[in-house]
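# Notes for the structure review
Below are the chains, spelled out letter by letter.
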Amino acid sequence: MDVDGDGDLDLVIGRDEPLVTLLLNDGTGQFAEGATLDVVDPPDRLAACDLDGNGAMELLVGNGSRFSVFANDGSGASPRGPTMRRRRRSRSPAAT
C-alpha cells in the first residue's frame, strides 16, 4: 500500500493491541514511522482500497464484526474515520 503517494510501497502493521502502525518507505528500502492509529480492538485483518475515488488508498482495519475506515488524502496522514459495524444479513431458504 502506498500511503503517502510517492510511488514506494509502505508498510501497515497490525499489533496484538488496538493499534496499527504505518511505516513510510523513503525510496531506498528504509522505513520511518508515519503514524500510529488507534483502533477499537486488536486487528485481525487489514485491507486497502480507494473508497472515495481520489486515487489514494484508504485503510480498513477489522476485528470480528467491527471495522474502522481511515481516510487517506495521499499525504501520509490518515485521519481516523468512523468505527463501523458490519451488517449481517439473514438469508431465507429459497422457495422450492
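Here is a short report on the structure shown in this document. (Residues numbered from 1 in each chain as written. Predicted model: local features only at pLDDT ≥ 70, side-chain atom pairs only at ≥ 80, totals over all residues. Heavy atoms only, no water.)

## Examining the side chain of Asn-72
Tracing the backbone shows Asn-72 in the loop between β6 (66-70) and β7 (80-85). Here Val-3 takes part through its backbone oxygen, which lies 3.1 Å from a polar atom of the side chain of Asn-72. (Helix = DSSP H or I, 4+ residues; strand = E, 2+ residues; numbered from the N terminus. Polar contact = N/O pair within 3.5 Å; in protein donor to acceptor, adjacent residues only side chain to side chain.)

## Examining the sheet that holds strand β1 (residues 11-14)
Overall, antiparallel pairing links the 3 strands, which are arranged β1-β2-β3 in an open sheet. Since the sheet does not close on itself, it has two edges, and those belong to β1 and β3 (31-38), each with one partner. When strand polarity is set aside, the average angle formed by the axes of neighbouring strands in this sheet is 20°. Here β1 runs beside strand β2 (residues 19-25); their pairing, made up of 4 bridges, is antiparallel. Looking across to β2, one finds that Val-12 is bridged to Leu-22. (Pairing = 2+ DSSP bridges. Axes fitted to C-alpha atoms, helices over the stretch in contact; angles between N-to-C directions.)

## Concerning the pattern of salt bridges
Here the structure, examined in full by the defined rule, presents 2 salt bridges. Of the charged contacts, one joins Arg-66 and Asp-41 as a salt bridge, the two residues approaching to 3.0 Å between their closest N and O atoms. Residue Arg-66 is located in strand β6, and its partner Asp-41 is located in the loop between β3 and β4 (45-49); the two are separated by 25 residues in the primary sequence. Residue Asp-44 is joined to Arg-45 by a salt bridge in which the shortest nitrogen-to-oxygen separation is 3.6 Å. (Salt bridge = Lys/Arg side-chain N within 4 Å of Asp/Glu carboxyl O.)

## Section: the nonpolar core
Counting residues in each nonpolar core, the largest one holds 10 residues, listed as Val-3, Val-20, Leu-22, Leu-24, Ala-35, Leu-37, Val-39, Leu-59, Val-61 and Phe-70. At the level of elements, β2, β3 and β5 (58-63) are the ones that each hand at least two residues to this core. For this core, the leading source of residues is β2, giving 3 residues. Non-local contacts of Leu-59, meaning those with residues more than four positions away in its chain, are made with Met-1, Val-12, Val-20, Leu-22, Leu-37, Ala-47, Ser-68, Val-69 and Phe-70. (Core = buried A, V, L, I, M, F, W, Y, C linked by side-chain atoms within 4.5 Å. Buried < 20%, exposed > 50% of the residue type's maximum accessible area, 1.4 Å probe, protein only. Contact = heavy atoms within 4.5 Å.)

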